[in-house]
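# Architecture at a glance
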Amino acid sequence: MIMKKIDISTNINGIKISSCIMNASGILCCTEKELYNLMMSSSGAVVTKSCTIKPRKGNLKPRYFEWKGGSINSMGLPNLGIDFYLNFLEKKNSKKPFLLSISGLSIEENYLILRKANISSNMNAIELNLSCPNLLEKDKILGYDFSKISDFLENLFQFYKKPLGVKLPPYFEDFHFRKMAFILNKYPIYFVTCINSLPNGICIDINKESVVIHPKKGFGGIGGLSIKPFALANVRKFYTYLRKDIPIIGCGGICTGKDVFEYILCGASAVQIGTQFLKEGIPVFDRLIKELITILKNKNYSSLNSFKGKLNVF
Ligand code: SIN
């Protein structure tokens, strides 16, 4: 019997990615060693930790906690600063695509970072993080301020000429999905990643009768398995409302190959792994690839295009 080759590669607006499964920004992608490990792994691309103009230590510890159903974090963007990541990209000796995640503390800081990135030669695309829920310096997540985002993107595309995608917070109302898609559809957006963690969750230790993380009186972003239904819904809504040439990268609660399959079925072109990558480390990518390929084999699908976006509804 001839075995059909199963192709799980994907294409993000011309960026060819050999496996549709990659790391989510924030997870083991901050230091040189972590980025090198990802570069050598079977992660389809490497997404860097969201960076600011200067290095940051982030919020006070404890700032991460996980349980069976998910995780809570309030890291506060610990990162080594844009110059470190641009330098790493200049030096790297690999054809694997790199998505440079940036998250300035203000719109002005984002412009500064983007101006630096605009002249870098060795970067495939920016993933502009509009959704960090953990900044003590900010009271609002940029992704929830539609008029600010609109002005920001208008100004940004006056000078920024390289590929740029955006990472969004979760939305819940149909009206908000439509509104954000309407804004993004006006610009040459390369991809949309959804979702970042669900903001303002709280977890409790009943022995200590206390919250489990220190910053922001215990409030933090929720990730992992418990957010998957919301993340899938965000992928599906944006798949419906975004221009068809804007690929979606799904993120949130992926633990198995079946989860990856569900995301692609909802319309994602690729997926990112956060909490589960932190739990399992680099071997997670091989396991998920294997599990996804087994599902495709059983269904007699030869590539993602056989089922991407083809979710049946009643
Ligand atoms: C953080 O560093 O606080 C997490 C980043 C994010 O969720 O965007």
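All values derive from a computational prediction rather than experimental measurement. (Residues numbered from 1 in each chain as written. Predicted model: local features only at pLDDT ≥ 70, side-chain atom pairs only at ≥ 80, totals over all residues. Heavy atoms only, no water.)

## Regarding helix 9 (residues 283-299)
How we decide: Secondary structure elements follow DSSP: runs of H or I no shorter than four residues count as helices, runs of E no shorter than two count as strands, and numbering proceeds from the N terminus. Expected span, for any helix, means 1.5 Å times one less than how many residues it has. Contacts were defined at the residue level, with two residues in contact if any of their heavy atoms lie within 4.5 Å.
Its 17 residues give helix 9 an end-to-end C-alpha distance of 25 Å, which sits within 8% of 24 Å, the value for a rise of 1.5 Å per residue. Of the surrounding secondary structure, the elements contacted by the buried residues of helix 9 are strand 3 (21-23), helix 1 (32-40), helix 7 (257-266), strand 16 (270-273) and helix 8 (275-280).

## Points about the UniProt feature "domain: Dihydroorotate dehydrogenase catalytic" (unreviewed entry) in the chain
Let me state the cut-off plainly: UniProt positions are given in the numbering used here, feature names are shortened, and annotations may be inferred rather than shown by experiment.
In the UniProt entry, the feature "domain: Dihydroorotate dehydrogenase catalytic" (unreviewed entry) is given for residues 9-296. Helix and strand shares over residues 9-296 are 35% and 20% respectively, and the end C-alpha atoms of the span are 13 Å apart.

## Structural notes on the side chain of Ser197
As for its position among the elements, Ser197 is in the loop between strand 10 (192-194) and strand 11 (198-202). With near-sequence residues (within four places) excluded, Ser197 lies in contact with Asn73, Pro133, Pro170, Gly221, Ile222 and Gly223.

## Examining the pattern of salt bridges
The condition that has to hold: Each salt bridge in this description consists of a side-chain nitrogen of Lys or Arg and a carboxyl oxygen of Asp or Glu lying within 4 Å of one another. Residue burial is assigned from relative accessible area. The probe radius is 1.4 Å, only protein chains are included, and a residue is buried under 20% of its type maximum, exposed over 50%, and partly exposed in between.
On inspection of all chains with the given rule, the structure shows 12 salt bridges. Lys91 is the salt-bridge partner of Glu32, the closest N and O atoms lying 3.8 Å from each other. Of this pair, Glu32 sits in helix 1 while Lys91 is found in helix 2 (residues 82-91), placing the two residues 59 residues apart along the sequence. With a relative accessible area of 40%, Glu32 lands in the partly exposed category. Salt bridges sharing common partners tie together Lys228, Lys258, Asp259 and Glu262.

## Things to note about the packing of helix 3 (residues 107-118) against helix 4 (residues 146-159)
For clarity, the threshold we go by: Every axis corresponds to a line fitted to the C-alpha atoms, with the helix fit spanning only the stretch in contact, and the corresponding angles, defined between N-to-C directions, vary from 0 to 180 degrees. Small angles under 35 degrees read as roughly parallel and large ones over 145 as roughly antiparallel, with 65 to 115 read as roughly perpendicular and the rest as oblique. Definitions for this section: a left-handed crossing has its near helix turned counterclockwise from the far helix by less than a right angle. A right-handed crossing has that turn clockwise. For this classification, Asp, Glu, Lys and Arg are treated as charged, while Ala, Val, Leu, Ile, Met, Phe, Trp, Tyr, Cys and Pro are nonpolar and the rest, including Gly, are polar.
Interaxial distance between helix 3 and helix 4 falls to 11 Å at its minimum, and their mutual angle equals 25°. Relative to helix 4, the element helix 3 is oriented roughly parallel. Every pair of crossing elements has a handedness; the one defined by helix 3 and helix 4 is right-handed. For the pair formed by helix 3 and helix 4, the contact residues are Ile107, Asn110, Tyr111, Leu114, Arg115 and Asn118 on the first element and Lys148, Asp151, Phe152, Asn155, Leu156 and Phe159 on the second. Taken together, the residues of the contact of helix 3 with helix 4 break down into 6 nonpolar, 3 polar and 3 charged.

## As for the sheet that holds strand 3
The condition is simple: Paired strands, as defined in this entry, are two strands with at least two bridges between them according to DSSP.
As summarised here, the arrangement of the 8 strands in space is 3-16-15-10-9-8-7-4, forming an open sheet in which the pairing is parallel. Edge positions in the open sheet fall to strand 3 and strand 4 (46-47), since each of these has one partner strand only. Here 3 bridges tie strand 3 to strand 16, and the two strands are oriented parallel to one another. Across the sheet, residue Met22 finds its bridge partner in strand 16, namely Gln272. Of the strands in this sheet, strand 9 (164-168), strand 10 and strand 15 (248-251) touch helix 6 (residues 228-241), which is tilted by about 170° from strand 15.

## Re the site of the ligand
Our working rule: The near set for a molecule or strand comprises every residue that places at least one heavy atom within 4 Å of it. Throughout this description, a polar contact denotes any pair of N or O atoms lying within 3.5 Å of each other; where both atoms belong to protein, one of them has to be capable of donating a hydrogen while the other can accept it, and for residues adjacent in sequence the pair is counted only when both atoms sit in side chains. For accessible areas, the Shrake-Rupley method is used with a probe of radius 1.4 Å. Any residue's cover is judged against the shown protein chains and nothing else.
Around the ligand, the neighbouring residues are Lys49, Asn73, Met75, Gly76, Leu77, Pro78, Asn129, Cys132, Pro133, Asn134 and Asn196. Between the ligand and Lys49 there is a distance of 2.7 Å, counted from an oxygen atom to a side-chain nitrogen or oxygen. One of the backbone nitrogen or oxygen atoms of Leu77 is found 2.7 Å away from an oxygen atom of the ligand. Contact with the protein chains removes 92% of the 260 Å² of surface that the ligand exposes when unbound. The residue makeup of the shell around the ligand, split by class, is 5 nonpolar, 5 polar and 1 charged.

## Some words on the environment of Arg236
Counting through the fold element by element, Arg236 comes out in helix 6. Counting along the chain gives 79 residues from Arg236 to Phe157, while the straight-line C-alpha distance between them is 27 Å. Not counting the four nearest positions on each side in its chain, Arg236 is found in contact with Leu265, Cys266, Gly309 and Leu311.

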